[in-house]
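Summary of structural features
Given next are the chains, with one letter for each unit.
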Amino acid sequence: MKSRDQFLDANGIDAALGKKRDPLHFRTIWISDVHLGTPGCQAQRLLEFLRATESETLYLVGDIIDGWQLKRRWYWEQSHNNVVQTVLKKAKKGTNVIFVPGNHDEVIRQFIDLDFGGIKIRDELVHTTANGKRMLVIHGDRFDGVIACAKWLAYVGDNLYTMILKFNQWFNSWRARAGLPYWSLSQYLKGKVKNAVNYITSFEDALAAEAAKKGLDGVICGHIHKPEIRDINGITYCNDGDWVESLSALVEDETGELRLVTWGEIMQLKKSSKLAGVEDLCALPS
């Protein structure tokens, strides 16, 4: 594996210091679990990430819009509009945008195999990396026993999760005023609870087994809000994380290497001494 600096330098950091000053370029970017329409959505940070990066293909791997929450109570900030408009702008300018719906935006599944505004709606598909690896791209909720077998229980859990996120939002507002970095309470709790850890492991194993059954090299998914790249019995399991807690994305460079990046890493590069004075690095091409 390349170091972070080697990986990012290979994707345009050095070029960005020159005359072009382009956004960071990746062959492919995967994001999921944005949950637009909820107070916990970190839409402004995602917007900054989208404006700081570009790619040939952008995968939206489910739960981009949270229809569950919007049915209960309407919540839609201008920053949520800006995210949608930025994605549409990328599609218009030639980015291959593919939307794989999840359980929270399952209403979109009625439009599977259709294209809207340059965005392709697909149930699942196989992505071939630059180095020839064939990866299943799927949201992953079908492999969640709670979602598949007891949907009412999933809604109860979602309500509790929303309460935690509201507290997390207040807590991080206090941390920001104190000059402290973002910290996710809900992610911390999920990582500490034994049953949650067991659930995550079972979910990852099930997705890897599905890719193996299809004769593929790996799987790329979302759903559980836990960014991860690891080998499971010879299958490359990748989870791109979320934009509520981890603020992460999965990216592919021009050689086919897959890596997780975060909003914090991208913003740190922008603020670092290497990029001092390059204020337009995060601007979308006009």
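Refer to the preceding data block for the structure.
Residues numbered from 1 in each chain as written. Predicted model: local features only at pLDDT ≥ 70, side-chain atom pairs only at ≥ 80, totals over all residues. Heavy atoms only, no water.

1. Details of the pairing of strand β8 (residues 218–221)
Residues Gly218 and Ile220 point to one face of β8 and Val219 and Cys221 to the other, with burial holding for every one of them. Bridging between strand β7 (residues 134–137) and β8 involves three bridges; their strand directions are parallel. Directly across from Val137, in β8, lies its bridge partner Ile220. Direction of pairing for β8 relative to strand β10 (residues 235–239): parallel, over a ladder of four bridges. Paired with Cys221 across the strands is Asn239, a residue of β10. (Buried < 20%, exposed > 50% of the residue type's maximum accessible area, 1.4 Å probe, protein only. Helix = DSSP H or I, 4+ residues; strand = E, 2+ residues; numbered from the N terminus. Pairing = 2+ DSSP bridges.)

2. Topic: the sheet that holds strand β5 (residues 119–121)
The mixed open sheet is built from seven strands, whose spatial order is β4-β5-β3-β2-β1-β11-β12. The strands lining the two open edges of the sheet, one partner per strand, are β4 (115–116) and β12 (258–262). Bridge count between strand β1 (residues 24–31) and strand β2 (residues 53–60): seven bridges; the pairing is parallel. Looking across to β2, one finds that Trp30 is bridged to Tyr59. Helix α2 (residues 43–52) rests against β1, β2, β11 (248–252) and β12 of the sheet, and its axis sits at about 140° to β1. In this fold helix α4 (residues 78–92) packs onto β2, β3 (96–99) and β5, with an angle of close to 110° to the strand it touches most, β2. (Contact = heavy atoms within 4.5 Å. Axes fitted to C-alpha atoms, helices over the stretch in contact; angles between N-to-C directions.)

3. With respect to the packing of α2 against α4
Packing of α2 against α4 leaves a shortest axis separation of 8 Å and a crossing angle of 20°. Viewed along their axes, α2 and α4 adopt a mutual orientation that is roughly parallel. Considering the relative orientation of α2 and α4, their crossing is left-handed. Touching Ala43, Gln44, Leu46, Leu47, Leu50 and Arg51 of α2 are Ser79, His80, Asn82, Val83, Thr86, Val87 and Lys90, all from α4. Of the residues in the contact of α2 with α4, the class split is six nonpolar, five polar and two charged. (Parallel < 35°, antiparallel > 145°, perpendicular 65-115°, else oblique. Left-handed = near helix turned anticlockwise from the far one by under 90°. Nonpolar A, V, L, I, M, F, W, Y, C, P; charged D, E, K, R; others polar.)

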